[in-house]
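Chain by chain, the residues:
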Amino acid sequence: MSYDPNNIFARILRGELPCNKVYEDEHALAFHDIAPQAPVHVLVIPKGEYVSQDDFSAGAPDALIAGFWRAVGTVARELGVVEAGYRFLANTGADAHQEVPHFHVHIFGGRDLGRMIKRFDD
Ligand code: 5GP
């Protein structure tokens, strides 16, 4: 899948659309999800044109990969969810219901999140 430079997160990165920002550095931008599924629900996106985790891990430069994952950790600490615990998640492709085709990590916290994912036979 080729990168769509007009996807919503690309437009947020360019400042064309607003976001409720929680963190920004040279590698990453983090902002609150517009439809939160937990008391804390923040999205962290890399500053680069990557459709998904697959694309990012295969093609991004080492400095961006390192900087991005450091930013995910920094954001979680700044959100205050480390002590109680949190979950991060990156939907990748159709089976995972990825909606926005710019790689992003969800950080969920602020309540007991239950165990893992829905069982396949539920
Ligand atoms: P995905 O299913 O791609 O992993 O998740 C996309 C997420 O982006 C969803 O949780 C959705 O609520 C969030 N989202 C979609 N559009 C916007 C937007 O314009 N602003 C923000 N802050 N979040 C958005």
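To start, this report covers the structure provided alongside it. (Residues numbered from 1 in each chain as written. Predicted model: local features only at pLDDT ≥ 70, side-chain atom pairs only at ≥ 80, totals over all residues. Heavy atoms only, no water.)

Notes on a nonpolar patch on the surface
Where nonpolar side chains cluster on the molecular surface, the patch consists of Trp69, Val82, Tyr86 and Phe88 and spans about 360 Å² of accessible area. You can see Tyr86 is positioned in strand E4 (residues 86-89). (Patch = residues over 30% accessible without salt bridge, like charges linked within 9 Å, V, L, I, M, F, W, Y side chains within 5 Å. Areas by Shrake-Rupley, 256 points an atom, 1.4 Å probe, with all protein chains shown as cover. Salt bridge = Lys/Arg side-chain N within 4 Å of Asp/Glu carboxyl O. Helix = DSSP H or I, 4+ residues; strand = E, 2+ residues; numbered from the N terminus.)

Here we look at the side chain of Gln98
Relative to the elements of secondary structure, Gln98 occurs in the loop between E4 and strand E5 (105-109). For Gln98, a relative accessible area of 19% translates into the label buried. Here Gly93 takes part through its backbone nitrogen, which lies 3.0 Å from a polar atom of the side chain of Gln98. Side-chain polar atoms of Gln98 contact the backbone oxygen of Val100, separated by 2.9 Å. In contact with Gln98, not counting residues within four places along its chain, are Val51, Ser52, Asn91, Thr92, Gly93 and His104. (Buried < 20%, exposed > 50% of the residue type's maximum accessible area, 1.4 Å probe, protein only. Polar contact = N/O pair within 3.5 Å; in protein donor to acceptor, adjacent residues only side chain to side chain. Contact = heavy atoms within 4.5 Å.)

What about the nonpolar core?
Residues Val44, Phe56, Phe68 and Val75 are the most contacted members of the largest nonpolar core, which totals 19 residues. Only strand E2 (28-32), strand E3 (40-46), helix H3 (62-79) and E5 provide two or more residues apiece to this core. At 6 residues, the largest contribution of residues to this core is made by H3. Every residue in contact with Phe56, bar those within four places of it in the chain, is listed here: Pro46, Tyr50, Leu64, Ile65, Phe68, Trp69 and Phe103. By size, the runner-up hydrophobic cluster in this structure holds 7 residues, among which are Phe9, Ile12, Leu29 and Ile45. (Core = buried A, V, L, I, M, F, W, Y, C linked by side-chain atoms within 4.5 Å.)

Points about the pairing of E3
When a strand is regular, its side chains alternate between the sheet's two faces. Across the 7 residues that make up E3, a large majority, 7, are buried. Burial of E3 is two-sided: the residues Val40, Val42, Val44 and Pro46 facing one way and the residues His41, Leu43 and Ile45 facing the other way are all buried.

As for the site of the ligand
Near the ligand, the surroundings consist of 16 residues, among which Asp33, Asn91, Glu99, His104 and His106 are the closest. Contacts to the ligand include Glu99, whose backbone N or O atom sits 2.7 Å from an oxygen atom. In the environment of the ligand, an oxygen atom lies 2.8 Å from a nitrogen or oxygen atom belonging to the side chain of His106. For the ligand, the cavity whose grid points lie within 2 Å of the majority of its atoms is the largest pocket. The element that contributes the greatest number of residues to the shell around the ligand is helix H1 (residues 8-13), accounting for 3 residues. Residue composition of the shell around the ligand, grouped by class: 8 nonpolar, 6 polar and 2 charged. (Near = heavy atom within 4 Å. 1 Å grid on protein atoms, 1.4 Å probe; cavity = no way out; pocket = protein on both sides within 12 Å on 5 of 7 lines; lining within 4 Å. Sits in = over half its atoms within 2 Å of the grid points. Nonpolar A, V, L, I, M, F, W, Y, C, P; charged D, E, K, R; others polar.)

Topic: the pattern of salt bridges
All told, the structure shown has 4 salt bridges when counted by the stated rule. Among the salt bridges present, the one from Arg11 reaches Glu16, with a minimum N-O distance of 3.3 Å. For Arg11, a relative accessible area of 32% puts it in the partly exposed group. Among the residues examined, Glu16 registers a relative accessible area of 43% and is labelled partly exposed. Overlapping salt bridges bring together Arg11, Arg14 and Glu16 as one network.

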